[in-house]
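Read off the chains here:
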Amino acid sequence: MTKNLHTTPRAKTPPVEVEPAADEPDPRYGVGERRKRFDALGRVRGTIRYTGDEGIAPGTVFVGVHRSTMPHARIVAVHTEAALEIDGVLEVVTGSDLYKVLGDRIYTGPAFADQPCLAVDKTRFVGEAVAAVLATDLATARSAVDEISVEYEELPPVYDVEDALRGDSFVHEELRPSSVFADLAHLHGVRGTNVAYEYRQVLGDSAAEHARAATTVSATTWAPPTHHVPIELPSTTAWVDSGRLELLSTTQTPSYVRQTVSDLLDLPLSRVRIMTRPLGGSFGCKMYDRLEPLAAALAWTTGRRVRIDATREEAFLLTTRHGAEVIGSMSADADGNIVAVSSDVRYDTGAFADVGPRIAAKSGLVAPGPYRIASVDVRSRCIYTNKVSAGPFRGFGVPQVTWSHETLVDELARELGEDPYLYRRRHLLREGDIATVGTKMHSADFLTCIDEVTKAIGWDKPTPQGDGRWVHGKGVAVGMKAVLTPTIANATLNLNQDGSATLLISTVDMGQGSDTIMSQIAGEVLCLDSRRIHVVRADTDATPYDTITAGSRSTYHTGNAVRLVAEAMRTKLLGFAAEQWGVPARELVLDARGVTHKKSDKLVTLPELVRAKFGARGATVTTSENFTSWWVPYDHDTGLSEKVTEHWFAGAAAVRIAVDTYTGRIRTQHLAIAGDVGRAINPTLVEQQLTGAAVMGIGHTLFDELVFDQGQITNATLLDYQLPSIKDVPEKMTPIIVESAHREGPFGAKGVGETTILPIAPAYAGAVRDACGVRITTLPLTPERVLHHLAASENARKAKR
């Protein structure tokens, strides 16, 4: 009998806020207005139905996964007999079984086809999926995986990037590109290397500039791998219906998953359907290939309806943020001008490339920092090791390089005897400047961001002296990121005869409030109350293609598609009225009352207009539009491009802290963060995004770190993995919206979700440097690490006596 996991009665769903209150003077909640997200109550009260909350259909079987205990080994044999003898176990499927059906199509991945949904022939990290148990209930499936035994022939492991670059052992025999995305289409297959991808940026002669510079600072920084830790765990259900593969999953990339499943099963896209529900957080861990390829392969090859629910411990094994080492130098001439920056960036991508090549490139292009720099030499590499695969994480690799360039510029300012804030301000890029990557700056107001955050914390006020135990300090940093380009967004809009509207897009609302702001954009164009516009959940049978929901791209890209589709609807409605009244459309205007003929003051409401057009109640009017951004691919040798991105993110953080010199604990007294968002479609949601990203950045600065021992994670539980709690948030926090409108953004808007995670760590490290006189270049800034550096500093001071 199938076990029902959801027997707890659900709370009564509160009424959905749809209709505006009658006494509200102008209840349209358009662009620039503060509106709470439409699903706020449901998210707080737990009444929203997430993927895992969906009912379990009769016949559903549950999947348990047996995982590798070896970081790098040949699979000699998989023994499944004991597991099959357990009551309730229906089948055990191995990678070899799937390979016999799927062949090389079993290998998927956004950059390289290197990721089998079950290991074939060999394993590449501790925790890799080796065999799947299909059982009638979840408990049986999970207990049966312990009865599977695997014979291995151990291979030399590659534990870190130093091992990998020596080239004594290779994680993959051959790297085969998957060519899913346009900006990765140039990748080609190679053998005999662990370097999946290398991006170079060369401007001027940095070696010569370093050699003749007046002042040079150097640092090797390390940002460890971390985990995303969304509240909602991954869950995927897949089944076959009338020869089609249908799949419901916790994914923020339904269009990508559809293409992957289509390729995996060799089916036309029309026979693959991917459905989503709202996500309970993601931060990048629900992108690309997670549970979906395995669920699809099992459903298709067994003909069963299969469900995979990851445990919290398994979620740690699905993906991580890249650990990154950056060996960097920054030089200034006698006048303090920055004349050279060099960066050797090494991303540890683990066993699978995932989207690591794109991360190495997109972060490498901003590795020098948002400054006027005469020459640069950047080498950014994505490197395989025998560890859990790394993938996208909020900030897309840029926090790791920001950690480097802000450490360097802060130390350079101090070496020159200058104020770190004023030194940055003097050299920051301005509107119209050319970034080191060769692209002109527009709508990236670093100056206002850094001015506002330093003003907020009282940068010019004296720092408290301290009491002998607690010492005080202040720090500041900026962050720069390019939005993912090129990408594609589509939108379809149905205007209902009653004057409400239904918007179809494939952006997934993960809690960022995208459904709310998209309705505000459409409502602004059509002069409709945005609460009368419903956004349909991403479903590839209904909603149009969208590249991904990630990288803070949706407000700009999907927002532009929504603006265009609403403008097309406005044109269509004016055409209806022009046709009905026999007047030119140019004499008509659309406002909150309906369509008006300016010369005659004739007015028709939208319900009347649509009903007159079709002669029926309940009719709909439909428009569809596309927005595709474009770029100029960077030069192969120099990495330069005259248009490498559609727009820039600019942010800053300033912080005042107190450090307990007895324990090493850091207490945040005031953190101010600012982001240039172009135009705030909904200021409340923007402030929440700025704040949320900053708090996550505090976690990466003070707590988050995945610890590995011989390739195995040793803290993959929430008992061992440290996260900030409510007691760790700053005593005072000030989010600041900066608006430098983008000329092509929807109403001038850009994305915001990642902007303030970028500068948090270097701002804190600068504050520790200010308070204690020690420069720490390894994250996180744990009490033990702070104490270690204080002791080392004291020992060095004594040695000089």
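Details of the structure are given in the entry above.
Predicted model only: the values in this text are computed from it and were never measured. (Residues numbered from 1 in each chain as written. Predicted model: local features only at pLDDT ≥ 70, side-chain atom pairs only at ≥ 80, totals over all residues. Heavy atoms only, no water.)

Colleague: Tell me what's going on with the overall build of the protein chain, and back it up with residues and numbers.
Modeller: Each helix and strand counted, the protein chain has 19 helices and 34 strands in total. Taking the principal axes of its C-alpha atoms as reference, the protein chain extends roughly 95 × 75 × 50 Å. Within the protein chain, the proportion of its 801 residues that are buried is 61%. Within the protein chain, counting contacts between residues at least 6 apart in sequence, those at least 24 apart form 80% of the total. Measuring between centres, the 85 positive side-chain charges of the protein chain sit 5 Å from its 98 negative side-chain charges. (Helix = DSSP H or I, 4+ residues; strand = E, 2+ residues; numbered from the N terminus. Buried < 20%, exposed > 50% of the residue type's maximum accessible area, 1.4 Å probe, protein only. Contact = heavy atoms within 4.5 Å. Lys, Arg positive; Asp, Glu negative; His and termini not counted. Charge placed at Lys NZ, Arg CZ, Asp CG, Glu CD.)

Colleague: Run through the nonpolar core, naming residues and quoting values.
Modeller: Judged by nonpolar contacts, the single largest core of 120 residues is most densely connected at Leu 98, Val 306, Ile 338 and Trp 648. Ranked by size, the runner-up nonpolar core spans 42 residues in total, among them Ile 517, Ala 561, Val 565 and Val 610. (Core = buried A, V, L, I, M, F, W, Y, C linked by side-chain atoms within 4.5 Å.)

Colleague: Can you break down the pattern of salt bridges residue by residue, with the values?
Modeller: Applying the stated criterion to the full structure yields 50 salt bridges. Ionic pairing is found between Asp 509 and Arg 43, a salt bridge with its closest N-O pair at 3.8 Å. Here Asp 509 is found in the loop between β24 (501–504) and α14 (514–526), whereas its partner Arg 43 is found in helix α1 (residues 40–45), with 466 residues between them in sequence. The same class applies to Asp 509 as to Arg 43, namely buried. Arg 200 serves as the salt-bridge partner of Asp 377, at 2.7 Å between the closest nitrogen and oxygen. Of the two residues, Asp 377 is situated in strand β20 (residues 376–384) and Arg 200 in strand β11 (residues 195–203); the sequence distance between them amounts to 177 residues. Judged by relative accessible area, Arg 200 falls into the partly exposed class, the value being 28%. (Salt bridge = Lys/Arg side-chain N within 4 Å of Asp/Glu carboxyl O.)

Colleague: A description of the packing of aromatic side chains should follow, citing residues and the corresponding values.
Modeller: To describe a pair of aromatic rings, you give the distance between the ring centres and the angle between the ring planes. What the rule picks out here adds up to eight aromatic pairs. Seen from their ring centres, Tyr 421 and Trp 459 are 6.1 Å apart, and the 70° between their planes marks the pair as edge-to-face. Of the two residues, Tyr 421 is situated in helix α12 (residues 420–427) and Trp 459 in the loop between α13 (446–456) and β22 (470–482); the sequence distance between them amounts to 38 residues. With respect to burial, Tyr 421 and Trp 459 carry one shared label: buried. Centroid distance Trp 631 to Tyr 634: 5.3 Å. Interplanar angle 85°. Geometry classified as edge-to-face. Relative accessible area serves as the criterion here: at 14%, Trp 631 is assigned to the buried category. Take Tyr 634: its relative accessible area is 14%, and that puts it in the buried class. Feature note: the residues Tyr 199, Trp 631 and Tyr 634 constitute an aromatic cluster, connected by ring pairs. Seen from the ring of Trp 459, Lys 474 lies directly overhead, with NZ or CZ sitting 4.6 Å from the centre. Above the plane of the ring of Trp 630 lies Lys 643, whose end atom (NZ or CZ) is 3.8 Å from the centre. (Phe/Tyr/Trp six-rings, centres within 6.5 Å; stacked < 30°, edge-to-face > 60°. Lys NZ or Arg CZ within 6 Å of the ring centre and 35° of its normal.)

Colleague: Describe α13, and please don't skip the residues or the numbers.
Modeller: The complete set of buried residues in α13 reads Phe 446, Leu 447, Cys 449, Ile 450, Asp 451, Val 453 and Thr 454. Backbone geometry just downstream of α13 places Gly 458 in the positive-phi region, at approximately 70°.

Colleague: Before we move on, could you go through the packing of helix α7 (residues 254–265) against helix α8 (residues 292–302) and cite the residues and values that matter?
Modeller: Interaxial distance between α7 and α8 falls to 10 Å at its minimum, and their mutual angle equals 40°. When the axis of α7 is compared with that of α8, the two are oblique. Read as a crossing pair, α7 and α8 show a hand that is right-handed. Across the interface between the two elements, Val 257, Thr 260, Val 261, Leu 264 and Leu 265 from α7 touch Glu 292, Pro 293, Ala 296, Ala 297 and Trp 300 from α8. When its residues are assigned to classes, the contact of α7 with α8 shows eight nonpolar, one polar and one charged. (Axes fitted to C-alpha atoms, helices over the stretch in contact; angles between N-to-C directions. Parallel < 35°, antiparallel > 145°, perpendicular 65-115°, else oblique. Left-handed = near helix turned anticlockwise from the far one by under 90°. Nonpolar A, V, L, I, M, F, W, Y, C, P; charged D, E, K, R; others polar.)

Colleague: So what about the sheet that holds strand β29 (residues 620–628)? Which residues, and what values?
Modeller: The strand order across the open sheet built from four strands is β25-β24-β23-β29, with neighbouring strands paired in mixed fashion. Either end of the sheet is taken by a strand with one partner, and the two such strands are β25 (533–536) and β29. Across the sheet, the axes of successive neighbouring strands diverge by a mean angle of 20°, strand direction being ignored. One ladder, built from four bridges, connects β24 with β25; its direction is parallel. Looking across to β25, one finds that Thr 502 is bridged to His 534. Of the strands in this sheet, β23 (488–496), β24 and β29 touch helix α15 (residues 554–581), which is tilted by about 140° from β29. (Pairing = 2+ DSSP bridges.)

Colleague: Give a detailed account of the side chain of Ser 331, specifying residues and quantitative values.
Modeller: Along the chain, Ser 331 falls in strand β18 (residues 323–332). For Ser 331, a relative accessible area of 0% gives the class buried. Only 2.6 Å separates the side chain of Ser 331 from the side chain of Thr 216, close enough to count as a polar contact. Among all residues touching Ser 331, those that are not within four sequence positions of it are His 210, Ala 213, Thr 215, Thr 216, Asn 337, Ile 338, Val 339, Ala 340 and Leu 412. (Polar contact = N/O pair within 3.5 Å; in protein donor to acceptor, adjacent residues only side chain to side chain.)

Colleague: I'd like a rundown of the environment of Ala 238, residues and numbers included.
Modeller: Within the secondary structure layout, Ala 238 lies in strand β13 (residues 235–241). Separated by 58 residues in sequence, Ala 238 and Ala 296 place their C-alpha atoms 5.8 Å apart. Discounting residues that sit within four places of it in the chain, Ala 238 has contacts with Glu 246, Leu 247, Ala 295, Ala 296, Ala 299, Arg 304, Arg 305 and Val 306.

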